[in-house]
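Close look at the chain arrangement
One-letter residues, chain by chain:
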Amino acid sequence: MTDLIKMDIYRLVHSKSFKVGLLFSIIIPLLVVGAMGAVIHLSGTEIQDMSMNIIIKMWIGKGFSIGQIIVIGLESLSLLVSTVLTVLFVNEEQSGGFIKNIAGIVPNRGMLVVSKFCGIAVINASIFLVYTIVSAIAGMAFMSSVLIKGPVLYTIFVWLVKFLLYMAIDSIILCICMLTRSRSLALGVSVIWGIGVIGIVYSAINTFINMAIRGLDIDVSLFTPDGVNSILTLKSEPGVLIRGVIISLIYSAAFVLITSVILNRRDVK
C-alpha cells in the first residue's frame, strides 16, 4: 500500500499538468490581490471583488487582514484548478491502460482508490500552500496601506475546513473518473463544480422541493461540500465550520467506499 501511494505521488509531482496547475496557483491570486490593491489605491473608497460564489464588499476604511486576503485568494478559481488536476491525475493511468496491470497485482482494488485519494490530498495541499503564500505576499506588497491585524487561529481553522471540503468534492470527481472511465465527462463535471455553475442546479432542486412540499423551506446546497465551501468565510459562525467538517468527512468516506466496492466487483478495462 505504501509503495502504491509513493508511486502515485511520484507520478503526480513529475507530471506536466501538476506543474502547470501550480503555475496557475501562483498567477491567479497574484492577479486577484494585485487588482484589489490597484482598485484601493485608485478609488480609495470601496472595493467589490466578484469571484465565483462570493461577493466581497468592504469599506477601505475598515482595512483587510492577511487572513481575509488569503481567503479571498482561495476563492479565485482554486477549486477549478483542484478539480481539473484531479481528473488529469486519476485519468492518466486509465487512458494509458496501466491501471489494468496494477489491478492484477494488488490484493484489493480499493487500495488503488485510497492511493489516488492520497495523491489528491497532495494536489490540494500544494494548491492551498501556494495560494496562501502568494496571496499573503501580494497582500503585503499591494495592500500594505490597508492591512490590519486579524484572527490568525480562526483563519487557520477556515483554511483547514476548506481543505477538507475540497477533498470531499474531489472524492466525487475521483468516483466519476474511475467508474465511468470518461475523461470528457469528468472534466465537464469538474468545470461545472469549479466555476460554481452547480449552484443553478441546486436552485432548481430547491424550487422543485419547496413547490412539492408546501411550507418547506430547504436549501440542498447546505448539505453539499461545495455549497458549504461557498459560504465559508472568516465571518462564518463556528457552526458552519463544524458543518463543513462533518459533511466533508461523510462525503469523502462515502465516495471512496462506493468507488472501492464497485471497482472490486467489476472488470478493470
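What counts and what doesn't
Residues numbered from 1 in each chain as written. Predicted model: local features only at pLDDT ≥ 70, side-chain atom pairs only at ≥ 80, totals over all residues. Heavy atoms only, no water. Helix = DSSP H or I, 4+ residues; strand = E, 2+ residues; numbered from the N terminus. Axes fitted to C-alpha atoms, helices over the stretch in contact; angles between N-to-C directions. Parallel < 35°, antiparallel > 145°, perpendicular 65-115°, else oblique. Left-handed = near helix turned anticlockwise from the far one by under 90°. Nonpolar A, V, L, I, M, F, W, Y, C, P; charged D, E, K, R; others polar. Buried < 20%, exposed > 50% of the residue type's maximum accessible area, 1.4 Å probe, protein only. Contact = heavy atoms within 4.5 Å. Expected span 1.5 Å × (residues − 1). Arc of directions from axis to C-beta. Salt bridge = Lys/Arg side-chain N within 4 Å of Asp/Glu carboxyl O. pLDDT = per-residue confidence, 0-100. Polar contact = N/O pair within 3.5 Å; in protein donor to acceptor, adjacent residues only side chain to side chain.

**Focus: the environment of Q68**
Within the secondary structure, Q68 is located in helix α3 (residues 66-74). Distance from Q68 to S135, taken between C-alpha atoms, is 9.8 Å for residues 67 residues apart in sequence.

**What to know about the packing of helix α7 (residues 152-180) against helix α11 (residues 238-265)**
At their nearest, the axes of α7 and α11 sit 8 Å apart, and the two run at 25 degrees to each other. By the angle class used here, α7 and α11 are roughly parallel. In the packing of α7 onto α11, the handedness of the crossing is left-handed. For the contact of α7 with α11, the residue count by class is 20 nonpolar, five polar and no charged.

**A few points about the environment of V161**
For V161, the location among the structural elements is in helix α7. With a relative accessible area of 5%, V161 lands in the buried category. In the structure, V161 is positioned 71 residues away from L232 in sequence and 8.8 Å away in space, judged by C-alpha atoms. Those residues within four positions of V161 in sequence are excluded, and the remaining contacts are L232, L241, G244 and V245.

**Let's talk about helix α8 (residues 183-194)**
Relative to the 16 Å expected for 12 residues at 1.5 Å per residue, α8 spans 16 Å between its end C-alpha atoms, a close match to the ideal helical length. Turning to α8, its buried residues are A186, V189, S190, W193 and G194. Buried residues of α8, seen end-on, are gathered within an arc of 130 degrees and therefore sit on one face of the element. Downstream of α8 by one or two residues, G196 has phi in the positive range, about 85 degrees.

**A word on the pattern of salt bridges**
Enumeration according to the criterion identifies two salt bridges in this entry. Here D8 ties to R11 by a salt bridge, and the two come within 3.0 Å at their closest N and O atoms. Placement of the pair is D8 and R11 together in helix α1 (residues 2-13), with a separation of three residues, close to one helical turn. Accessibility assignment for this pair places D8 and R11 in one class, buried. D8 serves as the salt-bridge partner of K116, at 3.2 Å between the closest nitrogen and oxygen. Remark: D8 occurs in helix α1 and K116 occurs in helix α6 (residues 110-142); sequence separation between them is 108 residues. When sorted by exposure, K116 lands in the same class as D8, which is buried. Residues joined in a network through salt bridges with shared partners are D8, R11 and K116.

**Focus on the confidence of the model for the protein**
In this model, the protein carries an average pLDDT of 80, and 78% of its residues clear a pLDDT of 70 or more. Here strand β2 (residues 54-59) stands out as the least confident element of the protein, with mean pLDDT 39; α11 is the most confident, with 92. In the model, residues 44-61 has pLDDT below 50 throughout and makes 40 contacts with residues more than four positions away in sequence or in other chains.

**Here we look at the side chain of T259**
Within the element layout of this structure, T259 appears in helix α11. T259 sits in the buried class, given a relative accessible area of 0%. A polar side-chain atom of T259 sits 2.6 Å from the main-chain carbonyl oxygen of F255. Once you skip the residues sitting within four places of it in the chain, T259 turns out to touch V113, C175, M178 and L179.

**Comments concerning the packing of α6 against α7**
The contact between α6 and α7 brings their axes to 9 Å, and the two run at 140 degrees. As the angle between them shows, α6 and α7 are arranged oblique. The way α6 lies across α7 gives a crossing that is right-handed. Seen from α6, the contacting residues are V113, K116, F117, I120, A121, N124, A125, F128, L129 and T132; seen from α7, they are W159, K162, F163, Y166, M167, D170, S171, L174 and M178. Its residues assigned to classes, the contact of α6 with α7 shows 13 nonpolar, three polar and three charged.

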